Each structure stands twice: as C-alpha cells, then as structure tokens.
Amino acid sequence: MSWNSNSHGLPFLPGYTFPDVTKSTFSRPQTLEYKNGHALPRRPTVGIGQDPLLSELLSQQEMNEFVFETSDVTYGPCAQSLTEEFIPPYVNLDKKVLHFYAYFKENILYSPQEVYRIRPVDIYYYLENDSMCIVEPVVENSGLPQGKRIKRQRLPKNEYGACYQWKDLNLGMDLEVYGYKYRIVQCDAFTKEFMKNEGILLNDPEPMPVDPYSKRRENPQPCYTTPSEFDRKYQFLTMDRKVLRFHALWDDADSLYGGTRPVTIQYYLVDDTVEIRAVHEPNSGRDPVCVLVRRQKLPKKIKPNCVLETSPEEVDEYFSPKDFQVGQNLRLLGHLFLLYDCDGFTMEYYQRNYPEIEMKPIDVPDRLGEVPPYNGFGSLEDSLQNCLSLIPKPPKKDVLRMLENNHKELRYSARLNNNNPDDKGRHFILSYFLSDDTISIFERPARNSGIIAGKFLKKMRVPKPGTTVDKPEFYSPADFAIGATVDVFGHRFLLFDADEYVLAYLESNSSQIPHQTIESLRQKLGVGRKRKIPALPHLPH
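Residues numbered from 1 in each chain as written. Predicted model: local features only at pLDDT ≥ 70, side-chain atom pairs only at ≥ 80, totals over all residues. Heavy atoms only, no water.

Caption draft 1: Just the overall build of the protein, in detail. Scanning the protein from terminus to terminus reveals 12 helices and 20 strands. Counting only residues that meet the buried cut, the protein has 28% of its 541 residues in that class. Within the protein, residue pairs in contact and separated by at least 24 positions form 47% of the contacts whose partners lie at least 6 positions apart. Carbon and sulfur atoms make up 53% of the accessible area of the protein, which amounts to about 39,200 Å² in all. (Helix = DSSP H or I, 4+ residues; strand = E, 2+ residues; numbered from the N terminus. Buried < 20%, exposed > 50% of the residue type's maximum accessible area, 1.4 Å probe, protein only. Contact = heavy atoms within 4.5 Å. Areas by Shrake-Rupley, 256 points an atom, 1.4 Å probe, with all protein chains shown as cover.)

See the structure below:
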C-alpha cells in the first residue's frame, strides 16, 4: 500500500499529500503494447483516488457496438458487414524496397589518357517511410572511395522542401541529388510488379554504358617502340666527362624581388642533358642555392596538358648543342636566358663540329649599375641616392650656377585657362628661378572675391605633361611664351604678360631660346630692339 495522506487520516487537500518514500523503482513505463503482433499505444491506467472515464472502462468492442448499433424498428434488420482486419502502413510496407540500377558520369581532370568514368550505383527506395539511399558497389583494388554514397534519408526534390516519392521514379530518367545526376537504367522484378500494380507504366530499360577506363585496363593496347639506330654506347665512350659550359643571364624581372641573375648552363654531351646552376655573388642578399634546374633532358615545347612531368612519348624534340648560340636569347622551361659567353672547350667544340654557328661573346651591362624604377616618393635625384650607397647622401647641386643666378627669377602674369566663371577674375604670378629651375605660383588678392590669395604652388620643379616618371622633362624658359599654356599638375595657366627683365634675359641667351618665344614677348612689351638686362625689381609675394 502506498504511503499517502489517507493512511494517516489527513484531508485530501493541496499541501497535505506526501510522496511515497517506500518507492524504489523509478523506471519509465512502456508506452506501447503488442496485440495480434502489432505495436499499439497503451491505454492509461486508473490510479487510486481517481474517477475513471466511461471511455476508459469500456472495451473497444463495446464502443464499436454503441457507434454502429441501429434500431431494427426504424430501419429493419440488416446484415452485418464483415470488417477487414486493420494493418498499419508501416507494418504492411515493412521490408518492401524498390531497387533501381543507375550510374553517374565523373569527369576526370588533368589526365591525358581519359576524360570521364562511368560509375554504377544502386538506388534503394523504402516504401515504409519514403526514404532512399544510394550505394555504389565496391570494386576490389579500384583505388576509389566506394560504398554508401548517401545514407538512408528523404532526398529533397526541389528548393521548396518537397521530397522524392516512388511516383517520381522511372526508367530512363535523371535523378538529381545534391549536385549529382544519376541516370536510372534498370530495376528488379519486385519493382516492376509494384509499379504495374500501382498503374505506373515504366519506360524501356537502357543498357548500362561501358566504362572506358575499365575496358582499357581489361584489354590494354599493345605498344612497341622501334629501337633507335643511334649507338648510346659509342656516345658514352667518346663523350664521357665532356661538358659544354655557357655563361648566361637569367631575366627574372617579372617575379617578386626578381631581376637579372647570372647563371651557368652546362650541357653534358654524354647523354644530352642540361643543368642550370646559379652563380652566387657575395652580399647579394640571396640564399646560396646552387642548382636551379637539375640535370635532365629539356624539351623544346611543353604541351599544355602536361601537369607535373613530361613523359618521353609527349616530347617531339629535345634541345641539342646546335640550339645553343652565344649572343642569342634562349628560352628553357619557360624562362629566358641570354647567352653572352662560353669557355675554351665549348668554343673549340663548336668550331670543329658546327663551323656555321658564330660563337662571339657579347658585352653585358654592369648589373651593379642598374637602377630600379622610380616609386614616386621624394624627388628623383634624392631617391636615386638610395641605390648608389648604403647610407644615402644628399644629391649634389651645381653650386657655381646657383651663385651666378642667385636671386634671379623670371616673372610672368597668368590666369587659369578653364570654363569656370569663378576663375575668370583670378590673377597669378608665375616665377621661374634660374638658380635651380624651380617654379612657384602666387595668387594676387582681389577684394570681395571670396578666395584666399597667397601661395598657390610652393617652389618646386614642374614636369611637362606626357613625360614618364623615370625620365621626366621639366619646364624651362624656352617654354614660357606669351599666349602659351603651362600645365601645372592638372591646372592649366595661360601666360598673358611678363616684365622687361624676362625679355632682356631671353635676348641675352637667344641661342638657347626659340625665336617665337622672344617675338611674343617683344610684341607684348612693344620693344623692337635688344635691351640691356635691367636691375631686377623686388616684388613682394
């Protein structure tokens, strides 16, 4: 007897009930019971102190009698129909599986011998819960991961969440699952009978395609190589330890931290192999790697389908001694080499065996004199000092010219040459300093213009438009004519006036100044003869 409040005389109210302290089994009861071989949910039992419902006390047979009982007086007697025994679907369709035979095509990349493979699979459809699984038969020593490709599950049919059903399967169709396309070609006898009973007409079966790789392995093609007429033994006995040595420059400027590197190309006459070795220079900053290309026979043309190594059947022709000529560029394994010299034995070998080939050494530029391209930081002269010494020094200046032309400058009046109406009233003074060929631009103040006047361009050298960064061409007094346009970093200035000092200076150096520039200044200033250089007035900026 359970220990409850009634055994102690306590009222059956909330707070007066106590758990059964003598209970020792806490396992969950079974929720299913088996009747006639079928698993059915168990009906709840009636506990102590609970009032059972009427539906729980009546048996299923009695409930059926209440439901289907009819009055013989009203309707008359009727023959009671025999009801078929109910069998759940999961019991009726248990262990009933539809079996389809299919295949999928797998593309083979980076292989010169095959393009694709045919891999057969078995598709199983379980009618019990509409689940499917795809299994690939295991082939011994195939080298491929085979077996169960997709475990048993409901396979999605489309992106809306629908799943494949047995009505969607047929012969001669493509089943797309998780990015793979399976072609169904055949099924077993049970599947044919099931589809026929359900009223589905199966398509004609298709033959399973033959895997070209498996067929080629079963029937290998006979291969026969015609023996060469060249005597390798004679070549070994006569050319052993005889090597042609060339000095070359490897153009590796396209790679990161690349450039022109000296190498030695050695051609072994005993087996027509080539080896490329790097010439290590002290303090070069590179690892002392000796062998760049190991000793091997180098093909002239490399086919695109070669992945890692080139087989002898894919090579049409290898490099021979007649392909190496001093003074010519040679491309080996996709890299460009300039052969500029060779040793004495190589020179004698070519004079004796290939007299038509001219082996004349050429002069190569000094690699230490090479200057990297200008990166745009600082001035060109200042950046060049970093390439000439480890500790850069300031660039040298023409002190004599600076002393002769100290405080000498050419002043021009200019305005902006654009279509902006706000820039029409702006006037500028362009000053050209003869001591260091620099230019500065100042804007004259205008009342109520709303523009802050003053320094527009600090003193610097201005390159002409269209010139390169490595070799710029700067403006000179010969370019400043009245009516000329000066492009200063994208701003176009039109020169419309100048002082008399500019004309006097240009006339004194007329051999270096174009005649059109001098005439434009004379017409503007109204001067028809040469004048002495007046004292330069001081204009405050």
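Let's pick the thread back up.
Caption draft 2: Examining the nonpolar core more closely. Counting residues in each nonpolar core, the largest one holds 29 residues, and the members touching the most others are Leu-410, Tyr-412, Ile-439, Ile-441 and Phe-480. Within the residue set of this core, elements represented by two or more residues are strand 15 (409-416), strand 16 (428-433), strand 17 (438-443), strand 19 (485-488), strand 20 (491-498), helix 11 (500-508) and helix 12 (515-525). For this core, the element with the most residues is helix 11, which contributes 5 residues. (Core = buried A, V, L, I, M, F, W, Y, C linked by side-chain atoms within 4.5 Å.)

Caption draft 3: Quick look at unusual backbone geometry. A positive phi angle is found at Tyr-110, which is not glycine, with a value near 60°. Here Tyr-110 lies in the loop between strand 3 (97-107) and strand 4 (116-126). Even without glycine at this site, Asp-437 takes up a positive phi of about 60°. Tracing the chain through its elements places Asp-437 in the loop between strand 16 and strand 17.

Caption draft 4: The arrangement of the sheet that holds strand 7 (residues 174-177) in detail. On the basis of which strands lie adjacent, the open sheet formed by 6 strands has the order 6-5-4-3-8-7 and antiparallel pairing. What marks the edges here is a single partner per strand, and that holds for strand 6 (147-153) and strand 7. Averaged over all neighbouring strand pairs, the angle between strand axes comes to 30°, with direction disregarded. The pairing of strand 3 with strand 4 spans 11 bridges and is classified as antiparallel. Among the inter-strand pairings, His-99 is bridged to a residue of strand 4, identified as Tyr-124. Packed onto the sheet, helix 5 (residues 189-197) meets strand 3 and strand 8 (180-187) and runs at close to 115° relative to strand 3. (Pairing = 2+ DSSP bridges. Axes fitted to C-alpha atoms, helices over the stretch in contact; angles between N-to-C directions.)

Caption draft 5: Layout of the packing of aromatic side chains. All chains considered together, the criterion is met by 20 aromatic pairs. Pairing Trp-250 with Phe-337 gives two aromatic rings, centres 6.3 Å apart and planes at 25°, and the pair type is stacked. Placement of Trp-250 in strand 9 (residues 243-251) and of Phe-337 in strand 14 (residues 335-342) is noted, with a sequence separation of 87 residues between them. Take Phe-337: its relative accessible area is 4%, and that puts it in the buried class. Arranged with centres 5.6 Å apart and planes meeting at 65°, the rings of Tyr-267 and Phe-324 form a pair that is edge-to-face. Residue Tyr-267 is found in strand 10 (residues 260-268), and its partner Phe-324 is found in the loop between strand 12 (291-296) and strand 13 (329-332); the two are separated by 57 residues along the sequence. For the residue pair Tyr-267 and Phe-324, the accessibility class agrees, reading buried in each case. Members of the aromatic cluster, joined through ring pairs, are Phe-246, Tyr-267, Phe-319, Phe-324, Phe-345, Tyr-349, Tyr-350 and Tyr-354. Its guanidinium or amino end placed over the ring of Tyr-213, Arg-117 lies 3.9 Å from that ring's centre, counting from NZ or CZ. (Phe/Tyr/Trp six-rings, centres within 6.5 Å; stacked < 30°, edge-to-face > 60°. Lys NZ or Arg CZ within 6 Å of the ring centre and 35° of its normal.)

Scope: geometric values only; no functional claims are made or implied.
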